[in-house]
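Report on the structure
Each chain, written out:
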Amino acid sequence: MKLAVVGKGGSGKTTTAAVVARTLARHGTSVVALDCDSNPNLGISLGVGDDETERLIAMRQALDEGEQEHAPGWDDLLDRFGTDAPDGVRLAVVTAIQNPEPGCP
Amino acid sequence: MLSSVNFTHDTVIADLEAGLGTLTRLGNAQVDVVLLVVEATTKSLEVAARGADLAREKSLGRLIVIANRVRDEVDADAVRKAFPDDEVIAVPHDPAIVEADRHGVAALDAAPDAPAVRAISAMARNLLVMAGHNGSGAASV
């Protein structure tokens, strides 16, 4: 199942995404959470903390600036550039990893 | 991108950029569920109405309108009225969420029983029913 969480800035989109991701994970589903926002803070709402969220963003920026090679596949990307959030959710900040435009696709 | 993601996980949830930019660029049927988060304000409802149109035009699966930070029935009704043909879930205004944000922690950890957290969790569990999840980790993708 693929879900997209959409809304105006400040509408509570990220909190909603985080609660949904962890609830699904608690019920035995394996969940990948992708932070596609140009102001990525899904990590904070998922509960990985400021420092880890910053680390993910820094890795993403290194990718954007060509200092770091892209991962060859999606699971590799998660292994190398993701982090484990509570309840087994795997989080990655993906803005601009696959596309220079802000946003996901 | 969402069209090409192919993880070995059951579920992928993407927190898209604020506004409708990503939704505009999504191809047809690239996701199964769109959670459209909206507040009962004119601006938010306008953005959400365009988002709902895009989701329908692009056949993006099940559309769930989340009426967020609802303070009273007037708020809830404003959202229901704007989306008369859609599934609308009301999530109450909840100081516990504001407090969790202030401290940079997850609402689910800081206030698991807060009304807003419970409302969102209940909606998420309902999604599992839709996905035919049987509790063994074998949800359909």
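Structure: see above.
A brief structural summary. (Residues numbered from 1 in each chain as written. Chains lettered and ligands numbered in written order. Predicted model: local features only at pLDDT ≥ 70, side-chain atom pairs only at ≥ 80, totals over all residues. Heavy atoms only, no water.)

A count of helical and extended segments in chain B gives 6 helices and 4 strands. Counted from the first residue to the last, chain B has its helices and strands arranged as β-α-β-α-β-α-β-α-α-α. Here chain B, with 141 residues, has 50% of them falling under the buried criterion. In chain B, of all internal contacts separated by at least 6 residues, the share reaching a separation of at least 24 is 60%. With the model as given, the accessible surface of chain B reaches about 6,600 Å², and the carbon-plus-sulfur share is 50%. (Helix = DSSP H or I, 4+ residues; strand = E, 2+ residues; numbered from the N terminus. Buried < 20%, exposed > 50% of the residue type's maximum accessible area, 1.4 Å probe, protein only. Contact = heavy atoms within 4.5 Å. Areas by Shrake-Rupley, 256 points an atom, 1.4 Å probe, with all protein chains shown as cover.)

Let us now look at helix 3 (residues 73-82) of chain B. All names here are of chain B. Taken together, the buried positions of helix 3 are occupied by D75, A76 and V79. All buried residues of helix 3 lie within an arc of 95 degrees about the axis, which places them on one face of the element. The exposed residues of helix 3 that point more than 90 degrees off its buried face are E73, V74 and K81. On its buried face, helix 3 is in contact with strand 2 (33-39), helix 2 (42-57), strand 3 (62-70) and strand 4 (87-92). The distance from a side-chain oxygen at the start of helix 3 to the backbone nitrogen of V74 is 3.1 Å, and the residue carrying that oxygen is D72. (Arc of directions from axis to C-beta. Polar contact = N/O pair within 3.5 Å; in protein donor to acceptor, adjacent residues only side chain to side chain.)

Our next topic: the environment of K13 of chain A. Secondary-structure assignment places K13 of chain A in helix 1 (residues 13-26). Taking C-alpha positions, K13 of chain A is 9.4 Å from L42 of chain A, a pair spaced 29 residues apart along the chain. The residues contacting K13 of chain A, other than those within four sequence positions of it, are V5, V6, G7 and D37 of chain A together with D15, L16, E17, A18 and V37 of chain B. One polar contact links K13 of chain A to D15 of chain B, side chain to side chain, over a distance of 2.9 Å.

We now examine the pairing of strand 1 (residues 2-7) of chain A. Strand 1 of chain A sits mainly inside the fold: 6 of its 6 residues count as buried. Because side chains alternate across strand 1 of chain A, one face comprises the buried residues K2, A4 and V6 of chain A, and the other comprises L3, V5 and G7 of chain A, equally buried. As paired strands, strand 1 of chain A and strand 1 (residues 11-15) of chain B are joined by 4 bridges and run parallel to one another. Bridging across to strand 1 of chain B, L3 of chain A finds its partner in I13 of chain B. For strand 1 of chain A and strand 2 of chain B, the ladder comprises 5 bridges, and the chain directions are parallel. Note that in strand 2 of chain B the partner of L3 of chain A across the bridge is V33 of chain B. (Pairing = 2+ DSSP bridges.)

A word on the side chain of T15 of chain A. Considering the arrangement of structural elements, one finds T15 of chain A in helix 1. Dropping the residues within four chain positions of it, T15 of chain A is found in contact with S45 of chain A together with I97 and D101 of chain B.

Before going further, it helps to examine the sheet that holds strand 3 (residues 82-84) of chain A. Sheet architecture is open: 8 strands sit in the order 3(A)-4(A)-2(A)-1(B)-1(A)-2(B)-3(B)-4(B), paired in mixed fashion. In this open sheet, the two strands that pair with only one neighbour each are strand 3 of chain A together with strand 4 of chain B. Between one strand axis and the next, the sheet turns by 20 degrees as a mean value, whatever way the strands run. (Axes fitted to C-alpha atoms, helices over the stretch in contact; angles between N-to-C directions.)

Moving on: the nonpolar core. By size, the foremost hydrophobic cluster in this structure holds 81 residues, and its most contacted members are V20, L34 and L46 of chain A together with I13 and L35 of chain B. Considering each element in turn, this core owes the most residues, 8 residues, to helix 6 (residues 115-130) of chain B. In terms of domain composition, this core takes at least three residues from each of domain 1 (1-93) and domain 2 (95-134) of chain B. Dropping the residues within four chain positions of it, L35 of chain B is found in contact with L3, A4, V5, V6 and V20 of chain A together with I64, I66 and M123 of chain B. (Core = buried A, V, L, I, M, F, W, Y, C linked by side-chain atoms within 4.5 Å. Domains from an automatic or database assignment.)

The next subject is the interface of chain B and chain A. It is common to report an interface's size as the accessible area lost on association of the parts. Opposite the 62 residues of chain B that make contact, chain A presents 53 residues. Interface of chain B and chain A: buried area, both sides summed, is about 5,300 Å²; carbon and sulfur atoms make up 62% of it. For the salt bridge of D15 of chain B with K13 of chain A, the shortest nitrogen-to-oxygen distance reads 2.9 Å. Our enumeration of links across chain B and chain A arrives at 28 residue pairs in polar contact (both at pLDDT 80 or more). Breaking the side of chain B that touches chain A down by element, the ones donating at least two residues are strand 1, helix 1 (21-25), strand 2, helix 2, strand 3, helix 4 (95-103), helix 5 (107-110) and helix 6 of chain B. It is helix 6 of chain B that provides the largest number of residues to the side of chain B that touches chain A, a total of 9 residues. (Buried area = accessible area lost by both parts, 1.4 Å probe. Salt bridge = Lys/Arg side-chain N within 4 Å of Asp/Glu carboxyl O.)

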